[in-house]
Amino acid sequence: MPATTVDKKKEEVVEVGEAVAAASNDSSSVVLPVKGSPKENRDSGHESSEAGTPDAERAMTPEMKEGEVIEEALYILHIELPSGDKFDVQVNNTEMLQEIHQVLLEREGTCHRTCYTLQLEGKPLDHFTEIRNVPGLKNESTLAVVEEPYTLREARIHVRHVRDLSRMPEQGDAASAVDGMSLSYLPIVGLGEKKTEKGEKEKTFEGLPPEYILPGTKDRSLAAVIPTAAIAANKTPHALKNLGLSPFNPPLPSRKMKGDVLYLFVDTVEKKRVHVTCCTQGFFVNGSDENTFKPTPSSGQKTLIYHSLVDLIASVSPIFKRNFTTLIKKRADRPILDRLPTPYPQFAWLAPPTEPVEDALRADDATQPHRVGIEEHLPGQIRDWNEELQTTGEMPRGNLNERLVRDRSIFKIHSDFISASVKGAQAVIEGNVMAINPADDPKTHMYIWNNIFFSLGFDVKDHYKEFGGDAAAFAATSADLQGVRAYSSVCDDTKLATLGMAIVDYRGFRVTAQSIIPGILEREQEQSVVYGSIDTGNTVVSSDKYHELLDKAAKELKMLPHEVWNGKEGEEAVKVKLYTSFETKGIIGNDSRYYVLDLLRTFPPDVHYLPELNAVSESAREAGYPHAFPHKLVSFRHELVNSFVESRYMTYVRIATYHIQMMAKERKEKHATDGTDAQLSQEEAAAINAEAMKKAAEAVHSLNPDDFDIRFNADCFSTTVKHAEEENLEAQRRLVIDCGEFLLTQQIPGFLNDLVECSIAPVDGEGLVEQMHARGINVRYLGHVAKLAPKDITWLRALIGSELVVRAAKHVFRALFQSVKAEKTASAAAHLLSCLLASEGGVDSVSEPAKKKSGKKGGVRARASTASEWEMTSQKSLWKAIGEEAFSYYNYELTVSSADALLEEWGVQKTALLRRMCRAFGIQLLAKDYNLSTSGRPIFVEDDVQNVFPVTKHREPEANDAKRLFQRGSEQMAHGKLKEAYEYIAESVNLMTSVYGAMHGELAQALRSLARLSYILGDPQDALAQQHRAAIMAERCYGLDHAETITEYVNLAHMSFSNLLVPTALKLLYRARHLLLLAAGESHPFMSTIDGNIGVILFAVQEFDLACKFIQSAEKIAAASGETKRLKSALLNHVMAKAHACRGDFRTALAAEKETYTIYSGLFGVEHEKTKESNECLRQLTQQAVQFQRRMQDASKGTTNLAQLLPINAQQPSLATIIDVLNVVNGIIVFSIRDPSGGEKEEEGEAVEGGEEKAAIEGVKEDVILEEETLD
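What this report covers is the structure whose coordinates are included nearby. Counting starts from 1 at the beginning of each chain's written sequence and moves along it residue by residue. At least 70 in pLDDT is required for a residue's local features to be given in this predicted model, at least 80 for side-chain atom pairs to be given and counted, and no such filter applies to totals for whole chains, interfaces and linings, which use all residues. Calculated side-chain values reflect all of the structure's heavy atoms, with hydrogen atoms and water omitted.

A short note on the overall build of the protein chain
Stage number 1. When helices and strands are tallied, the protein chain shows 44 helices and 25 strands.
Stage number 2. Note on classification: 1.4 Å probe, protein chains only; a residue is buried when its accessible area is under 20% of the maximum for its type, exposed when over 50%, partly exposed between these limits. Put simply, the protein chain has 1272 residues, and 54% of those count as buried.
Stage number 3. By the convention used here, residues are in contact when the closest approach between their heavy atoms is within 4.5 Å. Excluding contacts between residues fewer than 6 apart, the proportion of contacts in the protein chain whose partners are at least 24 apart in sequence is 71%.
Stage number 4. Only the protein chains shown count as covering a residue, and every accessible area follows the Shrake-Rupley method with a 1.4 Å probe. For the protein chain, the computed accessible surface area is about 57,000 Å², with 50% contributed by carbon and sulfur atoms. For the purposes of this entry, the term helix denotes a DSSP run of H or I that reaches at least four residues, the term strand denotes a run of E that reaches at least two, and both are numbered from the N terminus.

What to know about the pattern of salt bridges
Stage number 1. The salt bridge criterion pairs a side-chain nitrogen of Lys or Arg with a carboxyl oxygen of Asp or Glu, the two atoms within 4 Å. Applying the stated criterion across every chain, the model contains 48 salt bridges.
Stage number 2. A salt bridge links Glu147 to Arg113, with the shortest nitrogen-to-oxygen separation between them at 2.8 Å. Here the residue Glu147 occupies a position in strand β5 (residues 142–147), and Arg113 occupies one in the loop between α4 (98–106) and β3 (116–120), the gap between them amounting to 34 residues.
Stage number 3. A relative accessible area of 16% means that Arg113 is categorised as buried.
Stage number 4. One salt bridge in this structure joins Arg593 and Asp591, with 2.7 Å as the shortest N-O distance.
Stage number 5. Classification of Arg593 by relative accessible area gives buried; the value is 12%.
Stage number 6. When salt bridges with common partners are traced through the structure, they connect Asp764, Glu766, Arg915, Arg919 and Asp1041 into a single cluster.

Considering the sheet that holds strand β4 (residues 123–124)
Stage number 1. Spatial strand order, β2-β1-β5-β3-β4: five strands in an open sheet with mixed pairing. Each edge of the open sheet carries a strand with a single partner, namely β2 (86–92) and β4.
Stage number 2. Should DSSP find at least two bridges between two strands, the strands are taken to pair. One ladder, built from two bridges, connects β3 with β4; its direction is antiparallel. Its bridge partner being in β4, Gln119 is matched across the sheet by Pro124.
Stage number 3. The strands that α4 touches are β1 (74–80), β2, β3 and β5; relative to β3, the one it contacts most, it runs at about 125°. Lines fitted to the C-alpha atoms define the axes, with helices restricted to the stretch that makes contact. Angles between their N-to-C directions range from 0 to 180 degrees.

What to know about the nonpolar core
Stage number 1. Throughout, nonpolar core names a set of buried Ala, Val, Leu, Ile, Met, Phe, Trp, Tyr and Cys residues whose side chains join them through atoms within 4.5 Å. Membership of the largest hydrophobic core comes to 276 residues, with the highest contact counts inside it found for Leu836, Ile882, Leu925 and Phe940.
Stage number 2. Among the elements that line this core, the one with the most residues is helix α25 (residues 794–817), at 14 residues.
Stage number 3. Those residues in contact with Ile882, other than ones at most four positions away along the chain, are Val805, Ala808, Ala809, Val812, Leu836 and Leu894.
Stage number 4. Membership of the second largest hydrophobic core comes to 28 residues, among which are Ala239, Leu262, Val274 and Cys278.

A short note on the packing of aromatic side chains
The geometry of an aromatic ring pair comes down to the distance between the two centres and the angle between the two planes.
Stage number 1. Aromatic contacts are taken between Phe, Tyr and Trp rings whose centres are within 6.5 Å, Trp giving its six-membered ring; a plane angle under 30 degrees counts as stacked, one over 60 as edge-to-face, and the others as tilted. According to the stated counting rule, one finds 28 aromatic pairs in the structure shown.
Stage number 2. When the ring of Tyr185 is compared with that of Tyr1049, the centres are 6.0 Å apart and the planes differ by 70°; the resulting orientation is edge-to-face. With Tyr185 in the loop between α6 (171–175) and α7 (198–204) and Tyr1049 in helix α36 (residues 1043–1058), this residue pair connects regions lying 864 residues apart in the sequence.
Stage number 3. Residue classification places Tyr1049 among the buried residues on the basis of a relative accessible area of 0%.
Stage number 4. Judged by centre distance (5.8 Å) and plane angle (65°), the rings of Trp385 and Phe417 are edge-to-face. Taken together, the residues span a long stretch of sequence, with Trp385 in helix α14 (residues 385–393) and Phe417 in helix α15 (residues 400–429) at a distance of 32 residues.
Stage number 5. Overall, Trp385 belongs to the buried group, its relative accessible area being 3%.

Quick look at helix α39 (residues 1104–1120)
Stage number 1. By definition here, a helix of n residues has an expected span of 1.5 Å times n minus one. A rise of 1.5 Å per residue sets the reference length of α39, with its 17 residues, at 24 Å; its end C-alpha atoms lie 24 Å apart and thus fit the reference within 8%.
Stage number 2. Turning to α39, its buried residues number three or more, namely Phe1104, Leu1106, Ala1107, Cys1108, Phe1110, Ile1111, Ser1113, Ala1114, Glu1115, Ile1117 and Ala1118.
Stage number 3. In the core, the buried residues of α39 are packed alongside α37 (1062–1079), α38 (1085–1100) and α40 (1127–1143).

Observations regarding the sheet that holds strand β16 (residues 529–531)
Stage number 1. Read from one edge of the open sheet, four strands run β13-β20-β19-β16, paired in mixed fashion. Taken across any chain shown, the strands that pair with only one partner, and hence form the sheet edges, are β13 (496–497) and β16.
Stage number 2. In the sheet, β16 pairs with strand β19 (residues 585–588) via two bridges, with the strands oriented antiparallel. Across the sheet, the residue bridging to Val529 is Ile587, located in β19.

Section: the state of the cysteines
Stage number 1. Two cysteine sulfurs form what is called a disulfide whenever their separation falls within 2.5 Å. Inspection of every chain in the model, using the stated rule, returns zero disulfides.
Stage number 2. Cys115 forms no disulfide, and the closest cysteine sulfur to it belongs to Cys278, at a distance of 8.7 Å.
Stage number 3. We classify Cys115 as buried; its relative accessible area is 4%.

Structural data, given as structure tokens:
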């Protein structure tokens, strides 16, 4: 029941809150490292990578297991290097010794060392032991760095590490998500670089906006998405030309016995090749040359053995020594967040031009499809993904620390699994993995790579023949993933196990990656399944153990247990009980775990797209349903089921309350008439409650006639399974129909109302779909949303039209790409994009020119017969196919036949369509400006297509405790309790960092809230630092031009201006405007916020003409999007009035100020202070206008100097006033409420003390209300 769920959530929040309260008093809680500690400077992705491993187990000593608690403390440790140099490091004693290794990897003098141990008094220490658990290690102890002999494994690790250090990462690799890299812009902005000389800074930066972002411009520059400064920032001279393994490897047995480990060659920048031998003691230059191989040292020279390859190369190459030092310093100057890998691969749809770089080691690695990425560190081993995933899920979670360790382990292993799945799916489609059933039809091939099972999204063995064939098989994977997400969220306390799963769309193929159940490949499916059906319901089996395990999951997911016949004949025919759909299968693995899989029918069917059932409500029929669909595996979303049940429960409570009140009133009136006691007896009260609940249950169509019971039988419409006679199928089916009606009459209209009122304003189709899903609206209802959306709201119509076309075009592209040969991938992508975006009649099929060139009879027919389907696609045929797909999938008739017609009818700009199409299908283009208005020739050529990248879907493990803390902090913030909110959200950031590491999208959102709180509480420096972190994370985790990134840029600009970084603020706002222009166009509501910020800041730097232009644009966009006249509009008009007055345009200034006065008087009344200020401003402007007019008349008569015509008393507003306006523009509104006692709380005064630049009014108690105007 919802009430029970709410109570449970409250208990969980209280538990976490108590843990946080204890953390503030007990130093043993999990917190972020103190400033300056090694963990803050580490250069790794997730500090949790060792959790759950045998090495991590060694971190717990027997003494700790027996209950001894060592308090947390800070140690100062002395590190002694092999050279004799020493330095100190401050660490937390709860950290592992691995953290000291990370410190050594960050230091300039030790970053190239890999083969060493840390020793305490001559005893080597284990990397994965906590510092407090090392016997004899205490504050002021000395740890010695002792060089160790090389093995082949250690030598290969060292060589690759030196290779990585000797060159900066390439931008092209970052765009293709190599090694967890992704593109970023902020490192080149120079945030906070106040130390540079002012003259130089002003000289290198101009505050004027570029032409392509000015209001009203039609230019959309794609080249500027990746600025040339960002490309130049990575153009650092290489320290080495090449480094690789000698072809004379491996050493002969006779040489192995003399210590030889590996042979290398080094090509220096001086164009000299040096041959190197790695022995157990280190590296030395051997006597080899181009013609002979001699692994021993050169004759006549003293043998110098260097333990580090860097030291050896520096001794023979002066350029290496100089450039290597420069590289290390530049690497250290990069923000730490710019170096960390992202949790999941993040590909970019635009990439800078790249040139091939000579790299023998990378060539060796990249051309071995069998490499899985751990060969160097764990040679000869392969990860058991299923065991890791299940083991981490079974870890204890009795207290906060245990839950953090568990969540961290789950997230890290899941992140590794997704990265491996993406790499494996690419290898499968590229033909680099052998199928385990090579003799079968290619569409039915299955693969195993890196212990992950891969299958293609086609109908294997006609399993989905009755449900839509390949279309059903394709959709089944998405439905299965929805089920995995749902079960994973409720199976924490049960013994049910779900598979690790990822869906990868690549080059038109859908690849499903799954972890492997132990023993599943060794036996037939009939022998494995102990619950569910393997023949679409003809025969069904069940298990009491699965009943026990599924009971809780069924309650949480609102699934109704039901009985069906097992499908057998005679005496074997019995009824079996199912808690799920019969399609869900239960398998007991060889590891004795109980697995559930094939979860595609977890939720009730969507009857609106199953016309054969003819089971829709009257309101649905009026809306045009049921509608035929390409497949029958359509079901409602989990979010819709929850919303429907919650809505019905609230209705149930209201109806029951009403009947109780009415019946109690009747009974009391009857007692009064009879002259008996008016007080109801307990029996009467119980009878009234029972009767009221019965009526309420009947009204909401409850399955229980006496109480609230809304659950769904996903099989209630199935005809393949035989239902038990006791099942009330009519009532079960009515609930499904009611749920569909709730979707059409409540959810979709409510969603559209939020869009119209700009309560939510998604930037692109990705955000639109995310918001639809959050409300339980399937994407197939996009056509229904398009029909209901008002046509006069330009940005909304363009958003819906763009997504409608992109979704349909993606289906067409997918079918065409499946026949594209590998060598034609770029040509096909360029041709299809040209057909999509060209002007009317612009692009013919690729095979079309053959008609003109061929002079022989039959030449055209021969050319057409050999042409692929994509080559025969023209603009006309592509848009026709798009229209057919739009009607088939989305029940909407598209009447447009080109991108120009789409722009004319829907307002969809071509750059937005191109961007969304590339992101949705996975096409990476060269970052340059394209002529999208061309006709008669292709817009793109094959060299413009840089890559085709995979698009991945998967579940995302969460930091549950951190999310609950964040929600509690948000509630405190909404009630004006800012300090409490700051503490909760700061602790949630700590917990998120413990789980996710230092790089995650959710962490960015929490840091954004923390920055806003710091800003209001009077700490602009901390606000800037937190917002900077949030912005870099958004760039890295979401993408350079994602909606979240645009939001973070605007917030960072606000914080930058409050810290007097005016050029930086303008740079960020210009970039945010540019990206929003590309993604959504100028009519988007968030553009009003950006233009308001730009206009106010330009006014502050006295660029009055530009300031007026941007403020007018902000007002125009706000009015067009239906935004009501609010405080923001009044302040912007006031600033615009000041700007026009400074320009001498008093007529326009008066009009703007009159608008301000009108808004103020309407909001506050004529006696309010703000209204009086506006009235006074009007009076001053009128006086200045009169004086100016007199001087004009005098000047015309020649009695006044023209220089005296300048505006009179053009007073510049103070910085505090400008920041006050920016606060309101960005959704921070400060209400000052005087304490009724006339006193003033000291702690509230401290919150704004020293914040003279803040919009705060001293001498009053402040309650600050935040009005977040986010993009979505």
